[in-house]
Amino acid sequence: MVSYHIATIDSLRIFYREAGSRRNPAIVLLHGFPSSSHMFRNLIPFLSDQFYVIAPDYPGFGNSSMPAPDEFTYTFHNISLVMEKLLDLLGIRQSVFYVQDYGGPVGFRIAVRQPSRVLGFVIQNSIAHEEGLGKPFDLFKALWKDRNPNTEAALGALLTFDFTKKQYLTGACSPDLISPDSYLMDQLFLDRLGNAQIQLELAYDYRKNVEQYPVWQQYLRTKQPPATVIWGKNDFIFTLNGAVAFSKELYNVETHLLCGGHFLLEEQAWQVSQLIKSFFYSRLGKYSPSTIG
């Protein structure tokens, strides 16, 4: 069963989903843009028999607090600090990090700061190499080069219902499996008063993620966390080059290119869960219960 909770972190109300026994290894599911922990709703039950599953919403996303930008500085660094404090509050000393889209910059930052936290990675359509940036990032790059009213307005196209729906349906191999609830839920949160400015601040801050790519690559080379790259191969946001690039740094890595798009879990949640369980079964000592404080 999945339960739903609120934790208070630095006066922020952080929503998270929880499932599974605390005696099992922890897996932390870090969501992407423009979604929330809602994107993992189908995956969580498939993992909860062998993992202790935590799926939080970032500040400004989903059911977590949405303070104005003058009350909380929306950067990936600050979001990663909030997520790290949540893990501390829950007593999770070590975990597998599942990162998708924006989840990569959050999870890799935590890993660089505290490598001992990491049991491994599931990397799903999230990158650490510049060659993985797809066509939509042209709007980001224009904003990074010259932030002005025109480049800000152009980026607004990525906050529309049409683009949100496109992220779910483009590249999908079984579109009839994509529930409209997915993109309607995301758009509901995007359309909240003030949220467009929050997303703009994060889009501008994303340039610092690109600057951090060499740091994350060095972490992967030196620490060699076990990682399985599970990719919706028809993704138009993050390219296949971004998927295969992880093998340049990692030797304990498996790469699976599945039929699907950016939000692969909408149609392949069971398949993804089986790949995760297969990959980590021996690497975590047959799921030795030693990760919860």
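Data block above holds the structure.
Just so we're clear, the structure is a prediction, and the values are computed from it rather than from any experiment.

**Q** An account of the overall build of the chain is requested, with residue identities and associated values reported.
**A** When its secondary structure is counted, the chain shows 10 helices and eight strands. In terms of C-alpha radius of gyration, the chain reaches 18 Å, essentially the compact-globule figure of 19 Å for 293 residues. Across the 293 residues in the chain, those meeting the buried criterion constitute 58%. The long-range share in the chain, meaning contacts at least 24 apart out of those at least 6 apart in sequence, stands at 77%. Accessible surface, the chain as shown: approximately 11500 Å² in total, 53% of it carbon and sulfur. Counting 26 positive and 27 negative side-chain charges, the chain places the centres of these two groups 7 Å from one another.

**Q** Can you lay out the nonpolar core for me, pointing to particular residues and giving the numbers?
**A** Counting residues in each nonpolar core, the largest one holds 65 residues, and the members touching the most others are F121 and Y206. Once residues lying within four places of it in the same chain are set aside, the contact partners of Y206 are F76, Y102, P105, L133, F137, F140, W144, Y213 and F238. V53, Y183, L264 and L275 belong to the second-largest nonpolar core, a separate cluster that totals 30 residues.

**Q** Lay out the pattern of salt bridges with the relevant residues and their values.
**A** For side chains bearing opposite charge, pairing can occur when the charged atoms are close. Within this structure, the stated rule accounts for 11 salt bridges. Ionic pairing is found between R221 and E249, a salt bridge with its closest N-O pair at 3.6 Å. Taken as a pair, R221 in helix α8 (residues 195-223) and E249 in the loop between α9 (240-244) and β8 (253-258) lie far apart in primary sequence, 28 residues in all. Where salt bridges share partners, they join R147, E152 and E201 into one cluster.

**Q** An account of the pairing of strand β3 (residues 26-30) is needed here, citing residue identities and associated values.
**A** Among the five residues of β3, five are classified as buried, and the element is accordingly described as predominantly covered. Residues A26, V28 and L30 line one face of β3 and the alternating positions I27 and L29 line the opposite face, and both faces are buried. Both β3 and strand β5 (residues 95-100) contribute to a ladder of four bridges, which runs parallel. When the sheet's bridge partners are listed, L29 is paired in β5 with Y98.

**Q** Summarise the sheet that holds β3; cite the residues concerned and give the values.
**A** Read across the sheet, eight strands follow the order β1-β2-β4-β3-β5-β6-β7-β8 without closing on themselves; strand pairing throughout is mixed. Both edges of this open sheet fall to β1 (2-9) and β8, since each of them pairs with a single strand only. Pairs of neighbouring strands in the sheet enclose a mean axial angle of 20 degrees, with direction left out of account. Of the strand pairs in this sheet, β5 and strand β6 (residues 118-124) are connected by six bridges, and their pairing is parallel. Pairing of S95 across the sheet is with V118, part of β6.

**Q** Before we move on, could you go through the environment of I79 and cite the residues and values that matter?
**A** Looking at where I79 falls in the secondary structure, it is placed in helix α2 (residues 76-90). Distance from I79 to G232, taken between C-alpha atoms, is 25 Å for residues 153 residues apart in sequence. Those residues in contact with I79, other than ones at most four positions away along the chain, are Y58, P59, F72, V106 and L202.

**Q** Give me the lowdown on the packing of aromatic side chains, citing residues and values where you can.
**A** The description of an aromatic ring pair rests on the distance of the ring centres and on the angle between the ring planes. Going through the model one piece at a time under the given rule, you end up with 26 aromatic pairs. Ring centres 5.0 Å apart and planes at 80 degrees place the aromatic pair F72 and Y74 in the edge-to-face group. Seen in terms of ring centroids, F121 and Y219 are 6.5 Å apart; in terms of plane orientation they differ by 80 degrees. Their pairing is edge-to-face. Here the residue F121 occupies a position in strand β6, and Y219 occupies one in helix α8, the gap between them amounting to 98 residues. Its relative accessible area of 6% is what places Y219 among the buried residues. Among the aromatic residues, those joined into a cluster by ring pairs are F33, Y58, F61, F76, Y102, F137, F140, W144, Y206 and F238.

**Q** Before we move on, could you go through the environment of S182 and cite the residues and values that matter?
**A** By the element assignment, S182 lies in helix α7 (residues 180-190). You can call S182 buried: its relative accessible area is 0%. Between the alpha carbons of S182 and R109 there is a distance of 27 Å; along the sequence they are 73 residues apart. Setting aside residues up to four positions removed in sequence, S182 forms contacts with H38, R41, Y168 and E266. For S182, the side chain forms a polar contact with the main-chain oxygen of S179, separated by 2.5 Å.

Cut-off values and rules
Here the residue index of a chain counts from 1 through its sequence in written order. Only residues with pLDDT of 70 or above have their local features reported here, since the model is predicted, and side-chain atom pairs are shown and tallied only from 80 upward, although totals for entire chains, interfaces and linings are computed over all residues. No hydrogens and no water enter the side-chain calculation; it runs on all heavy atoms of the structure. In this description a helix means any DSSP run of H or I spanning at least four residues, a strand means any run of E spanning at least two, and both kinds are numbered starting from the N terminus. Radius of gyration here is computed from C-alpha atoms only, and the compact-globule reference equals 2.2 Å multiplied by the residue count raised to the power 0.38. The buried label goes to any residue with under 20% of its type's maximum accessible area, the exposed label to any with over 50%, and the partly exposed label to all in between, with areas taken from a 1.4 Å probe on protein chains only. The criterion used for residue contact is that any of the two residues' heavy atoms lie within 4.5 Å. Each accessible area is a Shrake-Rupley estimate made with a 1.4 Å probe; only the visible protein chains count as cover when residues are assessed. Residues scored as positive are Lys and Arg, those scored as negative are Asp and Glu, and His as well as the terminal groups of each chain are ignored. Charged groups are reduced to one reference atom each: NZ for lysine, CZ for arginine, CG for aspartic acid, CD for glutamic acid. By nonpolar core we mean a set of buried residues, namely Ala, Val, Leu, Ile, Met, Phe, Trp, Tyr and Cys, connected to one another through side-chain atoms within 4.5 Å. Counted as salt bridges are all cases of a side-chain nitrogen of Lys or Arg within 4 Å of a carboxyl oxygen of Asp or Glu. Two strands are said to pair when DSSP picks up at least two bridges between them. Working convention: axes come from line fits to C-alpha atoms, limited for helices to the stretch in contact. Angles between N-to-C directions cover 0 to 180 degrees. Centres within 6.5 Å are what make two rings of Phe, Tyr or Trp a pair, Trp counting through its six-membered ring; a difference in plane orientation under 30 degrees is then read as stacked, over 60 as edge-to-face, and the rest as tilted. Definition of a polar contact: a pair of N or O atoms within 3.5 Å, with one able to donate and the other able to accept a hydrogen when the atoms are protein atoms, and with sequence-neighbouring residues admitted only if both atoms are side-chain atoms.

Limitation: the analysis is restricted to geometry and does not speak to function.
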